Amino acid sequence: MPMGFYDDWVKAADDEAKHFNLICDCLETMGSYYGALPAHDGMWRAASDTANDLQGRLAIVPMVLEARGLDVTPGMIDVFEKAGETAAVESLKTIYSEEVSHVAYGAKWFNFVCGRDNSDPKEVFHALVKRYFKGGLKPPFNEEKRVDAGLPPDFYWPLAEELPPYVR
Ligand SMILES: [Fe+2]
(Lines give C-alpha, C1' and ligand atoms only; values in the text may rest on other atoms or scores of the structure.)
Protein backbone atom coordinates (compact mmCIF):
# COMPACT_ATOMS: atom_id res chain seq x y z
CA MET A 1 0.00 0.00 0.00
CA PRO A 2 1.19 3.59 -0.61
CA MET A 3 2.73 5.57 2.25
CA GLY A 4 -0.43 7.72 2.52
CA PHE A 5 -2.36 4.63 3.66
CA TYR A 6 -0.11 4.22 6.69
CA ASP A 7 -0.12 7.97 7.38
CA ASP A 8 -3.93 7.99 7.48
CA TRP A 9 -4.18 5.07 9.91
CA VAL A 10 -1.46 6.41 12.18
CA LYS A 11 -3.47 9.65 12.31
CA ALA A 12 -6.64 7.65 13.07
CA ALA A 13 -4.84 5.74 15.83
CA ASP A 14 -3.63 9.01 17.31
CA ASP A 15 -7.21 10.35 17.25
CA GLU A 16 -8.52 7.16 18.88
CA ALA A 17 -5.96 7.40 21.68
CA LYS A 18 -7.10 10.97 22.27
CA HIS A 19 -10.78 9.93 22.20
CA PHE A 20 -10.09 7.18 24.72
CA ASN A 21 -8.49 9.69 27.07
CA LEU A 22 -11.40 12.13 26.61
CA ILE A 23 -13.86 9.40 27.58
CA CYS A 24 -11.69 8.26 30.50
CA ASP A 25 -11.58 11.84 31.77
CA CYS A 26 -15.39 12.13 31.54
CA LEU A 27 -15.86 8.86 33.42
CA GLU A 28 -13.40 9.89 36.13
CA THR A 29 -15.10 13.27 36.52
CA MET A 30 -18.29 11.31 37.19
CA GLY A 31 -16.54 9.12 39.76
CA SER A 32 -16.21 6.07 37.50
CA TYR A 33 -13.52 4.58 35.27
CA TYR A 34 -13.08 2.73 32.00
CA GLY A 35 -13.86 -0.93 32.63
CA ALA A 36 -16.32 -0.32 35.49
CA LEU A 37 -19.20 -1.49 33.29
CA PRO A 38 -19.32 -4.30 30.73
CA ALA A 39 -19.19 -3.23 27.08
CA HIS A 40 -19.52 -5.06 23.78
CA ASP A 41 -16.35 -5.97 21.90
CA GLY A 42 -17.77 -5.75 18.37
CA MET A 43 -14.89 -3.64 17.09
CA TRP A 44 -12.27 -6.05 18.39
CA ARG A 45 -14.14 -9.09 17.06
CA ALA A 46 -14.39 -7.44 13.63
CA ALA A 47 -10.65 -6.70 13.72
CA SER A 48 -9.94 -10.31 14.57
CA ASP A 49 -12.37 -11.72 11.94
CA THR A 50 -10.75 -9.59 9.21
CA ALA A 51 -7.13 -9.99 10.39
CA ASN A 52 -6.11 -11.48 7.03
CA ASP A 53 -8.42 -9.53 4.75
CA LEU A 54 -7.53 -5.88 4.11
CA GLN A 55 -10.67 -5.11 2.12
CA GLY A 56 -12.82 -6.90 4.68
CA ARG A 57 -11.20 -4.85 7.46
CA LEU A 58 -11.78 -1.57 5.60
CA ALA A 59 -15.39 -2.51 4.80
CA ILE A 60 -16.33 -3.51 8.34
CA VAL A 61 -14.29 -1.37 10.74
CA PRO A 62 -14.36 2.14 9.26
CA MET A 63 -17.17 1.80 6.70
CA VAL A 64 -19.70 -0.08 8.88
CA LEU A 65 -18.75 0.28 12.55
CA GLU A 66 -17.22 3.75 12.59
CA ALA A 67 -19.96 4.95 10.19
CA ARG A 68 -22.44 3.68 12.78
CA GLY A 69 -20.73 5.99 15.25
CA LEU A 70 -21.67 8.91 12.98
CA ASP A 71 -25.30 7.74 13.10
CA VAL A 72 -25.58 7.47 16.89
CA THR A 73 -23.29 10.19 18.26
CA PRO A 74 -25.67 13.16 17.66
CA GLY A 75 -28.29 11.39 19.84
CA MET A 76 -25.67 10.80 22.55
CA ILE A 77 -24.71 14.48 22.43
CA ASP A 78 -28.40 15.39 22.94
CA VAL A 79 -28.66 13.12 25.98
CA PHE A 80 -25.61 14.68 27.65
CA GLU A 81 -26.75 18.19 26.69
CA LYS A 82 -30.10 17.58 28.39
CA ALA A 83 -28.25 16.30 31.47
CA GLY A 84 -26.14 19.48 31.57
CA GLU A 85 -22.90 17.49 31.18
CA THR A 86 -20.99 20.13 29.21
CA ALA A 87 -17.58 18.47 29.40
CA ALA A 88 -19.02 15.23 27.99
CA VAL A 89 -20.82 17.20 25.26
CA GLU A 90 -17.56 18.90 24.22
CA SER A 91 -15.68 15.59 24.18
CA LEU A 92 -18.36 13.88 22.10
CA LYS A 93 -18.41 16.79 19.63
CA THR A 94 -14.64 16.45 19.17
CA ILE A 95 -14.96 12.70 18.66
CA TYR A 96 -17.89 13.14 16.26
CA SER A 97 -16.03 15.60 14.02
CA GLU A 98 -12.83 13.53 13.93
CA GLU A 99 -14.58 10.22 13.29
CA VAL A 100 -15.80 11.51 9.90
CA SER A 101 -12.19 11.38 8.69
CA HIS A 102 -11.81 7.76 9.87
CA VAL A 103 -14.79 6.70 7.77
CA ALA A 104 -13.33 8.76 4.92
CA TYR A 105 -9.95 6.97 5.19
CA GLY A 106 -11.82 3.67 5.03
CA ALA A 107 -13.81 4.65 1.94
CA LYS A 108 -10.75 6.16 0.24
CA TRP A 109 -8.54 3.10 0.68
CA PHE A 110 -11.33 0.65 0.00
CA ASN A 111 -11.94 2.38 -3.35
CA PHE A 112 -8.21 2.44 -3.99
CA VAL A 113 -7.88 -1.34 -3.59
CA CYS A 114 -10.98 -1.96 -5.72
CA GLY A 115 -9.59 0.33 -8.42
CA ARG A 116 -6.29 -1.54 -8.37
CA ASP A 117 -8.17 -4.86 -8.69
CA ASN A 118 -10.51 -3.46 -11.33
CA SER A 119 -13.51 -4.47 -9.22
CA ASP A 120 -16.77 -2.63 -8.48
CA PRO A 121 -16.42 -1.12 -4.97
CA LYS A 122 -20.15 -1.27 -4.23
CA GLU A 123 -20.46 -4.95 -5.16
CA VAL A 124 -17.32 -5.89 -3.23
CA PHE A 125 -18.53 -3.91 -0.20
CA HIS A 126 -21.91 -5.66 -0.22
CA ALA A 127 -20.28 -9.08 -0.46
CA LEU A 128 -17.81 -8.37 2.36
CA VAL A 129 -20.42 -6.94 4.72
CA LYS A 130 -22.61 -10.01 4.15
CA ARG A 131 -19.62 -12.21 4.83
CA TYR A 132 -18.27 -10.55 7.99
CA PHE A 133 -21.16 -8.62 9.53
CA LYS A 134 -24.02 -10.50 11.13
CA GLY A 135 -27.44 -8.98 10.52
CA GLY A 136 -28.45 -5.89 8.58
CA LEU A 137 -27.20 -2.34 9.03
CA LYS A 138 -29.36 -0.30 11.33
CA PRO A 139 -31.10 2.85 10.11
CA PRO A 140 -31.61 5.74 10.57
CA PHE A 141 -28.35 6.62 8.84
CA ASN A 142 -26.57 9.95 9.12
CA GLU A 143 -26.66 10.47 5.37
CA GLU A 144 -25.09 13.93 5.52
CA LYS A 145 -21.95 12.86 7.42
CA ARG A 146 -21.74 9.60 5.50
CA VAL A 147 -21.66 11.54 2.23
CA ASP A 148 -19.01 13.87 3.71
CA ALA A 149 -16.96 10.72 4.40
CA GLY A 150 -17.39 9.42 0.84
CA LEU A 151 -19.94 6.74 1.70
CA PRO A 152 -22.82 6.94 -0.79
CA PRO A 153 -26.35 5.71 0.13
CA ASP A 154 -26.29 2.88 -2.42
CA PHE A 155 -23.46 1.29 -0.40
CA TYR A 156 -25.40 0.94 2.84
CA TRP A 157 -29.15 1.19 2.12
CA PRO A 158 -29.30 -2.17 0.28
CA LEU A 159 -27.80 -3.75 3.43
CA ALA A 160 -30.25 -2.14 5.86
CA GLU A 161 -32.18 -4.44 8.13
CA GLU A 162 -35.88 -4.93 7.49
CA LEU A 163 -37.84 -2.19 9.20
CA PRO A 164 -41.42 -2.46 10.37
CA PRO A 165 -43.73 -0.65 7.89
CA TYR A 166 -44.45 2.29 10.25
CA VAL A 167 -40.75 3.32 10.26
CA ARG A 168 -40.34 3.38 6.49
FE1 LIG B 1 -12.48 6.22 14.69
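Conventions adopted
Residues numbered from 1 in each chain as written. Predicted model: local features only at pLDDT ≥ 70, side-chain atom pairs only at ≥ 80, totals over all residues. Heavy atoms only, no water. Donors = N, O, S within 2.8 Å, 3.2 Å for Na, K, Ca; no water. Helix = DSSP H or I, 4+ residues; strand = E, 2+ residues; numbered from the N terminus. Buried < 20%, exposed > 50% of the residue type's maximum accessible area, 1.4 Å probe, protein only.

The next point concerns the coordination of the iron ion. For the iron ion, the protein coordination sphere consists of E16 (OE), E66 (OE), E99 (OE), E99 (OE) and H102 (ND1), at 1.8 to 2.6 Å. Between the donor residues of the iron ion, the gaps in sequence give the motif E-x49-E-x32-E-x2-H. With E66 in helix α3 (residues 54-82) and H102 in helix α4 (residues 86-117), this pair connects stretches of sequence that are 36 residues apart. A relative accessible area of 0% places H102 in the buried class.

A negative phi angle is the norm for most residues apart from glycine, just as the trans form is the norm for most peptide bonds. Put simply, P139 and P140 share a cis peptide bond, and its omega is 0°. Note that P140 resides in the loop between α5 (121-132) and α6 (143-148). Here the phi dihedral of N118 falls at roughly 60°; this positive angle occurs in a residue that is not glycine. With respect to the helices, strands and loops of the structure, N118 is situated in the loop between α4 and α5. A relative accessible area of 74% means that N118 is categorised as exposed.

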